[in-house]
Amino acid sequence: MTPVPRAEPSPDPAVAATGVPGVRGGRSSALGDFLKARRARTDPGSVNIVMDQRRRQVHGLRREELAGLAGISTDYYTRLEQGRERHPSTQILESLSRALRLNDNESGHLFRLAGLAAPRPTAGPSPEMAVHLRTLLDSPLLRTPVTVIGPSLDIVDLNPVAAALYDGFSTTGNLLHMVFRDPAARAFFGEWHATARTAVARLRASSAQFPDDPRIADTAAQLGASSTDFAALWAQHELRPSPLPTNQLIHHPLVGDLHLYCGAFEIVSAPGHHMLIFTPQPGSESARRIEQLPL
C-alpha cells in the first residue's frame, strides 16, 4: 500500500512576517504595540482630558482622544496601531511623542520602530533633576568637592566644598572660561595642559552630540577668539567623554597641594551633563587638607 504523503504544516504567519516565532507583523506591528501600550499607560488627567469614571471602559486614553491630542484623524491613528499604516511622517511621530509625553529615549524608540532616524536629544536638565541634585549637594555629610557640568562645560551646580576648592577663581560660571581666561588656572591646575586638552575634547564631543545647541557654539566661538591655546586644541578635533583628567594635582592657595581622583559620572536623566566628584586617598594628607577648606 502506497503511503500517503504527509501535508506540510502551514507556515506560521508570525514567522513569515518576521522570521521570529511568536513575533507578529515585524516593525509595523511593533510600532502599533508600542503606541497601544503607551496609550494605555497615559493618565487622561495628565493631558487635561476630563473623565467620566462611570462610563470609562478603557485604561489610559481612547484612540480618538490620542488622535485628537496629536492632531491626526482617528482612522489614521487606528491604522497605525493596527499595523496597516507603515510610513508615518516625522511630523506625525513628533506629535504623538508630545501627546504621549515621551522622554528622549522613548521618542527615539518610537522613531526607530517606524524606520526613521531618532530625533537629536536635548541637553537641558529636568526640573526634577535639579531638585534632587540640590538636595544631594546640600547634604552636610558630603565632605568632598562635587561639581555638576553641563554640555558646554557650564558649572550648573556645586556643593560648598567645591565652591571652597575654586575659591581662588574670579568666577565659577564655566569650566573652560576658568581654564583659559582666568589667571588663577595655571597655578591652580598642577597639570594645566592635560586639563585644558581634556576639557576642550569634552566640548568637542558635546558639539557632536548636540550639534544644534547654541550655548556650545557660543562657548567655542568666544574662547576661539580670545585664546590661542583654546583655538589650537579645538583645531585638533579630539573627542573625549570626560570634562577633566582622572588624576588631579591641585595647588590650592590656602591649604596647599591636593592629590585628588576625579570621577566623572554621566547624569542619565540630563544628557550631556556630568557630576564630577573629587576624592582624596582616605587617610592621606590631601584628605586632611580637604577637611581644612573654609566653608
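Since the model is a prediction, treat every value here as computed from it, not as a measurement.

1. Quick word on the overall build of the protein chain
From N to C terminus, the protein chain includes 14 helices and five strands. Contacts in the protein chain between residues far apart in sequence, at least 24 positions, make up 51% of those at least 6 positions apart. When the accessible surface of the protein chain is split by element, carbon and sulfur atoms take 54% of a total near 16,200 Å².

2. Some thoughts on the pairing of strand 1 (residues 146–149)
Along strand 1, one buried face is formed by Val 146 and Val 148 and the opposite face, lined by Thr 147 and Ile 149, is buried too. In terms of strand pairing, strand 1 meets strand 5 (residues 274–280) through four bridges, oriented antiparallel. Bridging from a neighbouring strand, Val 148 pairs with Met 275 of strand 5. Examined bridge by bridge, strand 1 and strand 2 (residues 155–158) share three bridges and lie antiparallel to one another. Looking at the pairing, Val 148 lines up with Asp 157 of strand 2.

3. Quick notes on empty space enclosed by the protein
Counted by the stated rule, this structure contains one cavity of 30 Å³ or more. In this model, the largest cavity occupies a volume close to 40 Å³. Ranked by residue count, the leading element in the lining of the largest cavity is helix 11 (residues 192–209), at four residues. In terms of residue class, the lining of the largest cavity is made up of four nonpolar, two polar and three charged.

4. A word on the confidence of the model for the protein chain
Of the residues in the protein chain, 80% have a pLDDT of 70 or more, and the chain-wide mean is 83. Note that pLDDT drops below 50 for residues 1–27; the model gives that stretch 19 contacts with residues more than four away or on any other chain.

5. A word on the environment of Ala 217
Among the secondary structure elements, Ala 217 is positioned in helix 12 (residues 214–226). Note on Ala 217: relative accessible area 46%, which makes it partly exposed. For the pair Ala 217 and Ser 207, spaced 10 residues apart in sequence, the C-alpha separation works out to 7.5 Å.

6. Side note on the packing of helix 11 against helix 12
Orientation of helix 11 relative to helix 12, taken along the N-to-C sense of each, is 145°, at an axis distance of 10 Å. As for the relative orientation of helix 11 and helix 12, their crossing is left-handed in sense. Mapping the contact onto sequence places Leu 203, Ser 206 and Ser 207 in helix 11 and Ile 216, Thr 219 and Ala 220 in helix 12.

7. Focus on helix 6 (residues 104–113)
Among all positions of helix 6, only Ser 107, Gly 108, Leu 110, Phe 111 and Leu 113 are buried. Phi turns positive one or two residues past the end of helix 6, at Gly 115, with a value near 80°.

8. Regarding the environment of Asp 212
Within the fold, Asp 212 resides in the loop between helix 11 and helix 12. Along the primary structure Asp 212 and Arg 120 are separated by 92 residues, whereas in three dimensions their C-alpha atoms are 8.8 Å apart.

9. Some details on the pattern of salt bridges
Where charged atoms of side chains with opposite charge meet at close range, the side chains can pair. Summed over all chains, the structure comprises 13 salt bridges. When the shortest N-O distance is used, the salt bridge between Glu 81 and Arg 63 registers 3.0 Å. Note that Glu 81 is positioned in helix 4 (residues 74–81) and Arg 63 in helix 3 (residues 63–70), a separation of 18 residues in sequence. Owing to a relative accessible area of 7%, Glu 81 belongs among the buried residues under this scheme. Across the salt bridge formed by Arg 79 and Glu 85, the nearest N and O atoms sit 3.5 Å from each other. Residues joined in a network through salt bridges with shared partners are Arg 39, Arg 63 and Glu 81.

About the criteria used
- Residues numbered from 1 in each chain as written.
- Predicted model: local features only at pLDDT ≥ 70, side-chain atom pairs only at ≥ 80, totals over all residues.
- Heavy atoms only, no water.
- Helix = DSSP H or I, 4+ residues; strand = E, 2+ residues; numbered from the N terminus.
- Contact = heavy atoms within 4.5 Å.
- Areas by Shrake-Rupley, 256 points an atom, 1.4 Å probe, with all protein chains shown as cover.
- Buried < 20%, exposed > 50% of the residue type's maximum accessible area, 1.4 Å probe, protein only.
- Pairing = 2+ DSSP bridges.
- 1 Å grid on protein atoms, 1.4 Å probe; cavity = no way out; pocket = protein on both sides within 12 Å on 5 of 7 lines; lining within 4 Å.
- Points joined across faces, edges and corners; volume = space filled by probe spheres on them.
- Nonpolar A, V, L, I, M, F, W, Y, C, P; charged D, E, K, R; others polar.
- pLDDT = per-residue confidence, 0-100.
- Axes fitted to C-alpha atoms, helices over the stretch in contact; angles between N-to-C directions.
- Left-handed = near helix turned anticlockwise from the far one by under 90°.
- Salt bridge = Lys/Arg side-chain N within 4 Å of Asp/Glu carboxyl O.

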